[in-house]
Amino acid sequence: MPETVQAPERPYIERMHPPVWWWIIAAGLWATTAVAVGAYLGLGWAAAATLAVGVGSGALIVQQNLTIRVDDRGLRVGRNQLEWPWVASVAGLGTEATAVHLRSPEHHDDFLAVRPYVDRAVIVTLDDPADPHPRWIVSSRRPEALAVAITIRGGVPRTPGGAVSSGGPV
């Protein structure tokens, strides 16, 4: 009798945050702004410029947070949801395969949820002719675990070795 794989009780959740050194660089930018503007225009302008640079760079860094969730409803990446009926296959990509996919002109119309501080990803092939994005490429620090979670939760076949059913092996 074949063994059946049960979906885990809890959803798969992966939260990605920019590295601490991004904040250190932003702090250096704030300090440089304060000194440069303060020396040239005075303390009032320095405070205003530093506040503007601080809020702007802080917002850009916070915007790079990404939450991935795999549950019974589907794959959720940030605010984007992909329901199970539209998922054809999934594959975990290593560092090299991720770089190849992101540079490939064949993948120019893919939905990208990639972060520059994560060098691996999963590629999810869709089975929805109405969707303008044939694949989703999603950054993940644990691409194999994410691919397994999608396979188990969604009943989606896994494409081994980073091969994509519609795009051939890479």
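Definitions and cut-offs
Residues numbered from 1 in each chain as written. Predicted model: local features only at pLDDT ≥ 70, side-chain atom pairs only at ≥ 80, totals over all residues. Heavy atoms only, no water. Phe/Tyr/Trp six-rings, centres within 6.5 Å; stacked < 30°, edge-to-face > 60°. Buried < 20%, exposed > 50% of the residue type's maximum accessible area, 1.4 Å probe, protein only. pLDDT = per-residue confidence, 0-100. Contact = heavy atoms within 4.5 Å. Axes fitted to C-alpha atoms, helices over the stretch in contact; angles between N-to-C directions. Helix = DSSP H or I, 4+ residues; strand = E, 2+ residues; numbered from the N terminus. Parallel < 35°, antiparallel > 145°, perpendicular 65-115°, else oblique. Left-handed = near helix turned anticlockwise from the far one by under 90°. Nonpolar A, V, L, I, M, F, W, Y, C, P; charged D, E, K, R; others polar. Polar contact = N/O pair within 3.5 Å; in protein donor to acceptor, adjacent residues only side chain to side chain. Pairing = 2+ DSSP bridges. Salt bridge = Lys/Arg side-chain N within 4 Å of Asp/Glu carboxyl O.

1. Some remarks on the packing of aromatic side chains
So, point 1. Counted according to the given criterion, the structure contains three aromatic pairs.
So, point 2. Note on Trp 21 and Trp 22: the rings are 6.1 Å apart at their centroids and 75 degrees apart in plane angle, and the pair reads as edge-to-face.
So, point 3. Taking relative accessible area as the criterion, Trp 22 reaches 18% and is therefore assigned buried.
So, point 4. Put simply, the rings of Trp 21, Trp 22 and Tyr 117 pair up and form one aromatic cluster.

2. Side note on the confidence of the model for the protein chain
Segments scoring low in pLDDT should not have their predicted coordinates read at a detailed level.
So, point 1. Confidence in the prediction for the protein chain averages 88 pLDDT; 89% of positions are at 70 or higher.
So, point 2. Every residue in residues 1-5 scores below 50 in pLDDT, and together they form one contact with partners more than four places removed in sequence or on other chains.
So, point 3. Confidence over residues 163-170 falls short of pLDDT 50; this stretch has 17 contacts with residues more than four positions distant or in other chains.

3. Topic: the packing of helix H1 (residues 20-41) against helix H2 (residues 43-62)
So, point 1. Close contact between H1 and H2 brings their axes to 8 Å; oriented N to C, the two are set at 160 degrees. In terms of axis orientation, H1 runs roughly antiparallel to H2. In the crossing of H1 with H2, the sense of the turn from one axis to the other is right-handed. On the side of H1, the interface is formed by Trp 22, Trp 23, Ala 26, Leu 29, Trp 30, Thr 33, Ala 34, Val 37, Gly 38 and Leu 41, while H2 contributes Trp 45, Ala 46, Ala 49, Thr 50, Val 53, Gly 54, Ser 57, Gly 58, Ile 61 and Val 62.
So, point 2. Residue composition of the contact of H1 with H2, grouped by class: 14 nonpolar, six polar and no charged.

4. A few points about the side chain of Thr 33
So, point 1. Turning to its location among the elements, Thr 33 is positioned in helix H1.
So, point 2. Of the polar contacts made by the side chain of Thr 33, one reaches the backbone oxygen of Leu 29; its length is 2.8 Å.
So, point 3. When residues no more than four places from it in sequence are discounted, the contact partners of Thr 33 are Gly 38, Ala 49, Thr 50 and Val 53.

5. Let's talk about the pairing of strand E8 (residues 135-139)
So, point 1. A large share of E8 lies buried, amounting to five of its five residues.
So, point 2. Of the two faces of E8, both are covered, the one formed by Arg 135, Ile 137 and Ser 139 as well as the one formed by Trp 136 and Val 138.
So, point 3. Judged from the three bridges that link them, strand E6 (residues 111-113) and E8 form a sheet pairing that is parallel. Bridging across to E8, Ala 113 finds its partner in Val 138.
So, point 4. Across five bridges, strand E7 (residues 121-126) lies against E8 in antiparallel orientation. Bridge pairing links Thr 125 to Arg 135 in E8.

6. Focus on the sheet that holds E6
So, point 1. With mixed pairing, four strands are arranged side by side in an open sheet as E5-E7-E8-E6. Looking along the sheet, the strands with just one partner apiece sit at the ends: strand E5 (87-93) and E6. With strand direction ignored, the average angle separating the axes of adjacent strands in the sheet is 15 degrees.
So, point 2. With respect to the sheet, helix H3 (residues 95-103) is in contact with E5, E6, E7 and E8, its orientation differing from that of E5 by roughly 125 degrees.

7. Some thoughts on the pattern of salt bridges
So, point 1. Scanning all chains against the criterion turns up four salt bridges.
So, point 2. Across the pair Asp 119 and Arg 120 runs a salt bridge whose closest N-O atoms are separated by 3.8 Å.
So, point 3. Since its relative accessible area comes to 43%, Asp 119 is described here as partly exposed.

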